[in-house]
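Understanding the architecture of this molecule
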Amino acid sequence: MKRVVKTVLRAVFRPDKNRQLLESQLTSGLWTRAFSGLLLLGLMFGLTSIIQAFSGNIPAIPLTLPLGLENYFVWQAVLFVPWLVLSWFLVSWLAGLTLGMFGAKKFSWRQLSAGLALGFYPFLFWLWLPHFFTSVLYLIGMSQKEWVDLLSNPGWFQTVYISLVVIALFSGWLATCLTVSGRRWVKRGTGLLVSSLSYLVWVLFIFVLLR
């Protein structure tokens, strides 16, 4: 677990080291740690979702999936980890298919999927922080109406919340591009295109479920 946490934190705060990590640990269990890191971050979202569920709150924005509004956060807590992992597999498969279309024949799917996971860690981590702050406010007794009012009115909370979401989106995209575009088996331009499209698709998958 210690190595998994270290891998996650390194990918979040030093995404420029991801390529070096992939090149130096080709057969040292990096894919397994990448998978474990996704599980860890997914469980963190599950925890904050459970807190919101037991606080009696409901999503403040419209739902995409046909799940019960009153129990949505319970469903989110249960489904987020498998949703995250399955979307990772799908995005990795689509990225590999796209690379093949651009002529990148000799690449490792395990390396590609591990790289995509490492690049996605910053997005998940920075996006989890506002969810964590929200769950803490609910725990100390804030009602959903008070939370909506706090988020809707210009002030420190709105600024911090929006800033964290922007940081999550930008840092995840940058980390994914840095990780994938520099690999030996792909040209830089193709790598930027594939990494950007893969990241966008994965973000959309997450926002389908996450509230």
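Here goes a summary of the coordinates provided. On a predicted model such as this, the values are computed, not experimentally measured, just so you know.

**Re the overall build of the protein chain**
Per the secondary structure count, the protein chain includes eight helices and zero strands. In sequence order, the protein chain lays out its α and β elements as α-α-α-α-α-α-α-α. For the C-alpha atoms alone, the extent of the protein chain along its principal axes is close to 55 × 35 × 30 Å. Counting all 211 residues of the protein chain, 47% fall into the buried class. Considering only contacts in the protein chain between residues 6 or more positions apart, those separated by 24 or more positions represent 76%. The average position of the 17 basic charges and that of the 5 acidic charges among the side chains of the protein chain differ by 23 Å.

**Re empty space enclosed by the protein**
Empty space among the atoms becomes apparent when a probe as large as a water molecule is rolled across them. Following the criterion strictly, the structure yields one cavity of 30 Å³ or more and no others. What the largest cavity holds in volume is close to 30 Å³. Counting residues per element, the ones that place at least two in the lining of the largest cavity are α5 (109-139) and α7 (156-180). Here the residues of the lining of the largest cavity are counted per class, giving six nonpolar, no polar and no charged.

**Describing the packing of aromatic side chains**
Between two aromatic rings, the relevant description is the distance of the centres plus the angle of the planes. For the structure on display, the rule yields 21 aromatic pairs. Centroid distance Phe-45 to Phe-80: 4.8 Å. Interplanar angle 35°. Geometry classified as tilted. On the criterion of sequence distance, the pair formed by Phe-45 in helix α3 (residues 30-54) and Phe-80 in helix α4 (residues 72-101) is long-range, its members being 35 residues apart. We note that Phe-45, like Phe-80, is buried. Where Phe-123 meets Tyr-199, the ring centres are 6.0 Å apart and the plane angle is 90°; that geometry is what we call edge-to-face. Highlighted residues: Phe-123 in helix α5 and Tyr-199 in helix α8 (residues 188-209), separated in sequence by 76 residues. Each of the two residues, Phe-123 as well as Tyr-199, counts as buried. Each residue in the set Trp-31, Phe-35, Trp-88, Phe-89 and Trp-109 is aromatic and connected to the rest through ring pairs, giving one cluster.

**Looking at α5**
Compared with an ideal rise of 1.5 Å per residue, which puts 31 residues at 45 Å, α5 spans 42 Å between its outermost C-alpha atoms and is within 8% of the ideal. Along α5, the helix axis deviates most sharply at Phe-120, where the bend reaches about 30°; the proline Pro-122 sits within four residues downstream. Extensive coverage of α5 is indicated by the burial of 25 of its 31 residues. Gly-141 lies just past α5 and shows a positive phi near 110°.

**Some details on the layout of surface pockets**
Estimated volume of the largest pocket: approximately 390 Å³. Residue lining of the largest pocket: 20 residues in total, with Ile-61, His-131, Trp-147, Tyr-161 and Arg-211 positioned closest to the centre. Among the elements that line the lining of the largest pocket, the one with the most residues is α5, at five residues. Residues belonging to the lining of the largest pocket are distributed by class as follows: 14 nonpolar, five polar and one charged.

**Here's the deal with the side chain of Arg-211**
With respect to the element layout, Arg-211 can be found in the segment after α8. Put simply, Arg-211 is tucked away with no salt bridge, and the nearest opposite charge, on Glu-70, sits 14 Å away. Here Phe-207 takes part through its backbone oxygen, which lies 2.7 Å from a polar atom of the side chain of Arg-211. Discounting chain neighbours no more than four positions away, the residues touching Arg-211 are Pro-59, Ile-61, Pro-62, Leu-63, Thr-64, Tyr-72, Phe-73, Gln-76 and His-131.

What counts, and where the lines are drawn
Every residue gets a number counted from 1 within its own chain, in the order that chain's sequence is written. Whole-chain, interface and lining totals are the exception, using all residues; otherwise, since this is a predicted model, local features are given only for residues with pLDDT of at least 70 and side-chain atom pairs are given and counted only at 80 or more. Hydrogens and waters are ignored; side-chain quantities use all the structure's heavy atoms. Note on conventions: DSSP H or I runs of at least 4 residues are helices, E runs of at least 2 residues are strands, and numbering of each starts at the N terminus. Exposure categories follow from relative accessible area, calculated using a 1.4 Å probe and restricted to protein chains: below 20% of the type maximum is buried, above 50% is exposed, and the middle band is partly exposed. Contacts between residues were defined by any pair of non-hydrogen atoms, one from each residue, lying within 4.5 Å. For the purpose of charge, His is not counted, nor are the chain termini; Lys and Arg are scored as positive and Asp and Glu as negative. Charged side chains are reduced to one point each, which is NZ for Lys, CZ for Arg, CG for Asp and CD for Glu. Within this scheme a cavity is a closed region of a 1 Å grid, computed over the protein atoms alone, that accommodates a 1.4 Å probe without allowing it to escape, whereas a pocket is open but has protein on both sides within 12 Å along at least five of seven lines; lining residues each have an atom within 4 Å of a point. Grid points are joined across faces, edges and corners, and a volume is the space filled by probe spheres set on the points. Each residue receives one of three labels: charged for Asp, Glu, Lys and Arg, nonpolar for Ala, Val, Leu, Ile, Met, Phe, Trp, Tyr, Cys and Pro, and polar for the others, Gly being one of them. Any pair of Phe, Tyr and Trp rings, taking the six-membered ring for Trp, is counted once the centres come within 6.5 Å. Such a pair is stacked with planes under 30 degrees apart, edge-to-face with planes over 60 apart, and tilted for the rest. What a helix is expected to span follows from its residue count: subtract one and scale by 1.5 Å. For a residue, the bend is simply the angle between two axes, fitted respectively to the seven-residue segment ending there and the seven-residue segment starting there. Whenever Lys or Arg places a side-chain nitrogen within 4 Å of a carboxyl oxygen from Asp or Glu, that contact is recorded as a salt bridge. Throughout this description, a polar contact denotes any pair of N or O atoms lying within 3.5 Å of each other; where both atoms belong to protein, one of them has to be capable of donating a hydrogen while the other can accept it, and for residues adjacent in sequence the pair is counted only when both atoms sit in side chains.

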